[in-house]
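Structural characterization, general
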Amino acid sequence: MEEFQIPAPSVAHQDQLDKHGYVVLSECIPEVVLEQLIREVEFLWEIEGELAGCEFKQEKNARRLANLVEKSRRFDQVVTHRDSLALVGHVLGTFKLSSLNARSANPMSASGQPLHCDGGYLPDKKGPKVANVVWCLDDFTLDNGTIRVIPGTHLAGKLPQDVLDHPEKQHPDEELIKAKAGSLIVMNAHLWHSGVKNRTHRPRRALHAYYCRRDQPQQQFQQALLSAETRQVAKGLLRYVLALEEAPLEGERQGASSVSGFLQ
Ligand SMILES: O=C(O)CCC(=O)C(=O)O
């Protein structure tokens, strides 16, 4: 990774991630890039229709897309964004992309998600296994289906579904994240979190650049899911992040894993 010149994250951001389990990089995506990414995901939702997201999981009350590195070269910049990689590296040490998905909380959605840890994972002896970078394509507000987090729970060593009677209900310590479109939310993905109800008449869209420690299986095994053409054009940092040169780990050969934080 050293050869790719990833900048060191600020001490304040490292502290925030260590203590609270997430940090918001405010409005760091240029508007023109944001507009292109929004056009791209809306185009994909239109052409994929009812199948959208099916390579991994579909979800009631939300539109999803999966396997996005395959679907447009515009997403290369998302999975190789250096400031977010610096923070992901702070959480995980050496890492690779686990998957790139999109999620849009439907307008006036009837329910939010239960609190969960991504992948349903707890850290192991080596530390955290997963981190997530949420690209806010729209403003995340208190009423449009933002993400709630329970700060500090990345250190709890417990999964919310094992200790809460109702992980879908409001939690006394929850914080609703407010962020402008073009912001990135970098999370230690062991943090208890979930998307909440969208009470507005507009969708709330995001990309999820999800990373795992390099010794962990990818959620969507890129060597199986990317076409020969995509694999061939992926060079340098992108190739490294996709782990295209590595022998598959146990459980990676099939393509997409069925493991998710909460989706059945
Ligand atoms: O609302 C979001 O975009 C995040 C949702 C989430 O935590 C998930 O789908 O695992």
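Residues numbered from 1 in each chain as written. Predicted model: local features only at pLDDT ≥ 70, side-chain atom pairs only at ≥ 80, totals over all residues.

Re the overall build of the chain
- The number of helices and strands found in the chain is eight helices and nine strands.
- Here the C-alpha atoms of the chain give a radius of gyration of 17 Å, agreeing with the 18 Å that 2.2 N^0.38 yields for 264 residues.
- Counting all 264 residues of the chain, 42% fall into the buried class.
- For the chain, restricting intrachain contacts to residue pairs at least 6 apart in sequence, the fraction spanning at least 24 positions comes to 86%. (Helix = DSSP H or I, 4+ residues; strand = E, 2+ residues; numbered from the N terminus. Rg over C-alpha atoms; globule rule 2.2 N^0.38 Å. Buried ≥ 20, exposed ≤ 12 C-beta atoms within 10 Å, placed from the backbone. Contact = placed C-beta atoms within 7 Å.)

Quick look at the nonpolar core
- Ranked by internal contacts, the top residues of the largest apolar core, which has 59 residues, are V88, W135, I185, V186 and Y211.
- When near neighbours in sequence (up to four residues on either side) are disregarded, I185 contacts Y22, V24, V134, C136, I147, I177 and A179. (Core = buried A, V, L, I, M, F, W, Y, C linked by C-beta atoms within 7 Å.)

Quick notes on the sheet that holds strand β7 (residues 184–188)
- Read from one edge to the other, the open sheet built from six strands follows the order β1-β7-β4-β9-β3-β2, with strand pairing classed as antiparallel. Of all the strands in the sheet, the pair left with one neighbour each is β1 (22–25) and β2 (62–65). Averaged over all neighbouring strand pairs, the angle between strand axes comes to 20°, with direction disregarded.
- Examined bridge by bridge, strand β3 (residues 95–105) and strand β9 (residues 204–213) share 10 bridges and lie antiparallel to one another. What sits directly across from R103, in β9, is A206. (Pairing = 2+ DSSP bridges. Axes fitted to C-alpha atoms, helices over the stretch in contact; angles between N-to-C directions.)

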